[in-house]
Amino acid sequence: MTGSTVRPRAVLFDWDNTLVDSWPVIEDALNATLVAFGHAPWSRDEVKRRVRKSMRDSFPELFGERWEEAGRVFYARYAAIHVEKLTPIEGAADMLAELAEAGFYLGVVSNKKGEFLRREAAELGWDRHFGRLVGALDAPRDKPAIEPILLALEGSGIAPGREVWLAGDADVDLECAQNATCVPILLREHPPEEGEFPSHPPTRYFSDCRALSRALKSL
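As a starting point, this report considers the structure included with it. Everything numeric in this text was worked out from a predicted model, so none of it was measured.

Along the backbone of the chain there are 9 helices and 6 strands. Relative to the 2.2 N^0.38 estimate, which gives 17 Å for 219 residues, the radius of gyration of the chain is 17 Å and therefore close to what a compact globule would have. Taking the principal axes of its C-alpha atoms as reference, the chain extends roughly 50 × 40 × 30 Å. For the chain, with 219 residues in total, the buried portion stands at 50%. In the chain, once contacts between residues fewer than 6 apart in sequence are set aside, the share between residues at least 24 apart is 63%. Just so you have it, the chain exposes about 10,300 Å², and 47% of that area is on carbon and sulfur atoms.

Below, the discussion takes up helix H8 (residues 171-179). Since the α-helix packs 3.6 residues into each turn, any two residues three or four apart lie on the same face. Within H8 the residues assigned to the buried category are Val172, Asp173, Leu174, Cys176 and Ala177. Lining the buried residues of H8 we find strand E2 (105-113), helix H7 (147-153), strand E4 (164-168) and strand E5 (183-187).

This paragraph deals with the pairing of E5. When you tally the buried positions in E5, you get 5 out of 5 residues, the bulk of the element. Every second residue of E5 is oriented toward a common face, with Val183, Ile185 and Leu187 on one face and Pro184 and Leu186 on the other, all of them buried. Pairing of E4 with E5, which is carried by 4 bridges, proceeds in the parallel orientation. What sits directly across from Gly168, in E5, is Leu186. Between E4 and its parallel partner E5, the chain crosses via H8, and the hand of that crossover is right-handed. Both E5 and strand E6 (residues 204-206) contribute to a ladder of 3 bridges, which runs parallel. Looking across to E6, one finds that Leu186 is bridged to Tyr205.

Further remarks concern the side chain of Thr18. Mapped onto the fold, Thr18 is located in the loop between strand E1 (10-13) and helix H1 (23-36). Overall, Thr18 belongs to the buried group, its relative accessible area being 2%. Separated by 2.8 Å, the side chains of Thr18 and Asp14 make a polar contact. The residues contacting Thr18, other than those within four sequence positions of it, are Ile89, Ala167, Gly168, Asp169, Leu187 and Cys209.

Another aspect to go through is the state of the cysteines. The tally for this structure, following the rule as stated, stands at 0 disulfides. Cys176 forms no disulfide, and the closest cysteine sulfur to it belongs to Cys182, at a distance of 7.7 Å. Note on Cys176: relative accessible area 0%, which makes it buried.

As for its position among the elements, Ile146 is in the loop between strand E3 (132-136) and H7. Sequence separation between Ile146 and Cys182 is 36 residues; the distance between their C-alpha atoms is 10.0 Å.

Buried together is how nonpolar side chains tend to be arranged in soluble globular proteins. By size, the foremost hydrophobic cluster in this structure holds 29 residues, and its most contacted members are Phe13, Trp15, Leu19, Phe130 and Leu212. For this core, the secondary structure elements donating two or more residues are E1, helix H5 (92-101), E2, helix H6 (114-124), E4, E5 and helix H9 (209-218). A total of 5 residues in this core trace back to one element, the largest contributor, which is H9. Excluding residues that lie within four positions of it along the chain, Leu212 makes contacts with Phe13, Met95, Trp165, Ala167, Ile185, Leu187 and Phe206. In this structure, Leu34, Met55, Phe59 and Ile81 belong to the second largest nonpolar core, which totals 18 residues.

Cut-offs applied
- Residues numbered from 1 in each chain as written.
- Predicted model: local features only at pLDDT ≥ 70, side-chain atom pairs only at ≥ 80, totals over all residues.
- Heavy atoms only, no water.
- Helix = DSSP H or I, 4+ residues; strand = E, 2+ residues; numbered from the N terminus.
- Rg over C-alpha atoms; globule rule 2.2 N^0.38 Å.
- Buried < 20%, exposed > 50% of the residue type's maximum accessible area, 1.4 Å probe, protein only.
- Contact = heavy atoms within 4.5 Å.
- Areas by Shrake-Rupley, 256 points an atom, 1.4 Å probe, with all protein chains shown as cover.
- Pairing = 2+ DSSP bridges.
- Right-handed = clockwise from strand over helix to strand, strands pointing away.
- Polar contact = N/O pair within 3.5 Å; in protein donor to acceptor, adjacent residues only side chain to side chain.
- Disulfide = S-S within 2.5 Å.
- Core = buried A, V, L, I, M, F, W, Y, C linked by side-chain atoms within 4.5 Å.

What follows is the structure in structure tokens.
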């Protein structure tokens, strides 16, 4: 990894498992859907390993022609539990408040359905920090395509490029940043393993939200 010392004008974030811990909710809703359609449930490790893309990009592979029906089952279960189980990642609330106060333009680029994303942000009181919260189906294509980044920056006067950091926990976030020529930031507890991201390595790695906030404010 090579470090970036250029102070960005905008910082975009993934949502699930970057700012909020969504694995219990995703596992619950996905396994309810898999079982309903005759598949074996997945373990937590398998969920973490395989859940990356948005529903419109991943469910056709899982459920074939019935993927839209499966999507309705998933969303019904997800809608019933996601707010009550909403758990912020440690340090995320303070980081967002600090970065907003420091004058960074903040946005979210998520593969979570947009209506769920915005409801969760409002529930946490974080929506006031973001210029735009972009979820799955909000743009013509989802991550790792560049359209969600373009939509997240719309109206900010900031163009995709080296003045924009995209922070997330997964390969799809790094690939999305690279596709849009933004700075890819890996934000998760464990550092990247050797050879984990051969085609889209992170420019910077941070183990937690506080470390990312300190680094940004020091630039």
